[in-house]
Amino acid sequence: MNPYVPLLVMIIASAVIAFGGLAASAILGPKKYNRVKVLNYECGVEATPNAGSAGRFPIKYFLTAMTFIIFDIEVVFLYPWAVSHEELGLFGLIAMASFVFLITVPFIYEWRRGGLEWSE
């Protein structure tokens, strides 16, 4: 058996599920649209006709996204290191220590900007 057959089966299965979900929502989904449903949703901020002159967009949304990205990247790199830290030795320890140090820079920036304060 070819070693790529399971990969091909997974690709076909995911494509069938994806396109099947799209087809089912097109067939079974609601067809009636009203004015509220077709309006743009702008992260809890009321949509305005002339959004360009409405002022600055609150930075709290961007800081929340930055928090997610920082911790997501940190977990992606720290988990494999934690699994194989014994084989990497001192080089792996120094590499991860420098990575953790570098990842704290955006975290401190976000902390200073107030991204971790949830009271309005």
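Residues numbered from 1 in each chain as written. Predicted model: local features only at pLDDT ≥ 70, side-chain atom pairs only at ≥ 80, totals over all residues. Heavy atoms only, no water.

1. Some remarks on a nonpolar patch on the surface
Okay, step 1: A cluster of nonpolar side chains, F68, I69, I73, V76 and F77, forms an exposed patch at the surface whose accessible area comes to about 490 Å².
Okay, step 2: Along the polypeptide, V76 turns up in helix 2 (residues 60–83). (Patch = residues over 30% accessible without salt bridge, like charges linked within 9 Å, V, L, I, M, F, W, Y side chains within 5 Å. Areas by Shrake-Rupley, 256 points an atom, 1.4 Å probe, with all protein chains shown as cover. Salt bridge = Lys/Arg side-chain N within 4 Å of Asp/Glu carboxyl O. Helix = DSSP H or I, 4+ residues; strand = E, 2+ residues; numbered from the N terminus.)

2. Quick look at the side chain of T67
Okay, step 1: Mapped onto the fold, T67 is located in helix 2.
Okay, step 2: With near-sequence residues (within four places) excluded, T67 lies in contact with E110 and L116. (Contact = heavy atoms within 4.5 Å.)

3. Remarks on the packing of aromatic side chains
Okay, step 1: Inspection of every chain in the model, using the stated rule, returns two aromatic pairs.
Okay, step 2: When the ring of F71 is compared with that of F107, the centres are 5.8 Å apart and the planes differ by 65°; the resulting orientation is edge-to-face. Linking F71 in helix 2 with F107 in helix 3 (residues 85–113), this pair joins segments that are 36 residues apart in sequence.
Okay, step 3: Using a relative accessible area of 38% as the deciding quantity, one classes F71 as partly exposed.
Okay, step 4: On the numbers, 5.3 Å between centres and 65° between planes, the contact of F77 with F99 is edge-to-face. Of this pair, F77 sits in helix 2 while F99 sits in helix 3, and the two are 22 residues apart along the sequence.
Okay, step 5: Judged by its relative accessible area of 45%, F77 is partly exposed.
Okay, step 6: Residue classification places F99 among the buried positions, given a relative accessible area of 17%. (Phe/Tyr/Trp six-rings, centres within 6.5 Å; stacked < 30°, edge-to-face > 60°. Buried < 20%, exposed > 50% of the residue type's maximum accessible area, 1.4 Å probe, protein only.)

4. Focus on the side chain of E74
Okay, step 1: Considering the arrangement of structural elements, one finds E74 in helix 2.
Okay, step 2: If near-sequence neighbours (up to four positions away) are discounted, E74 is found in contact with F99 and I103.

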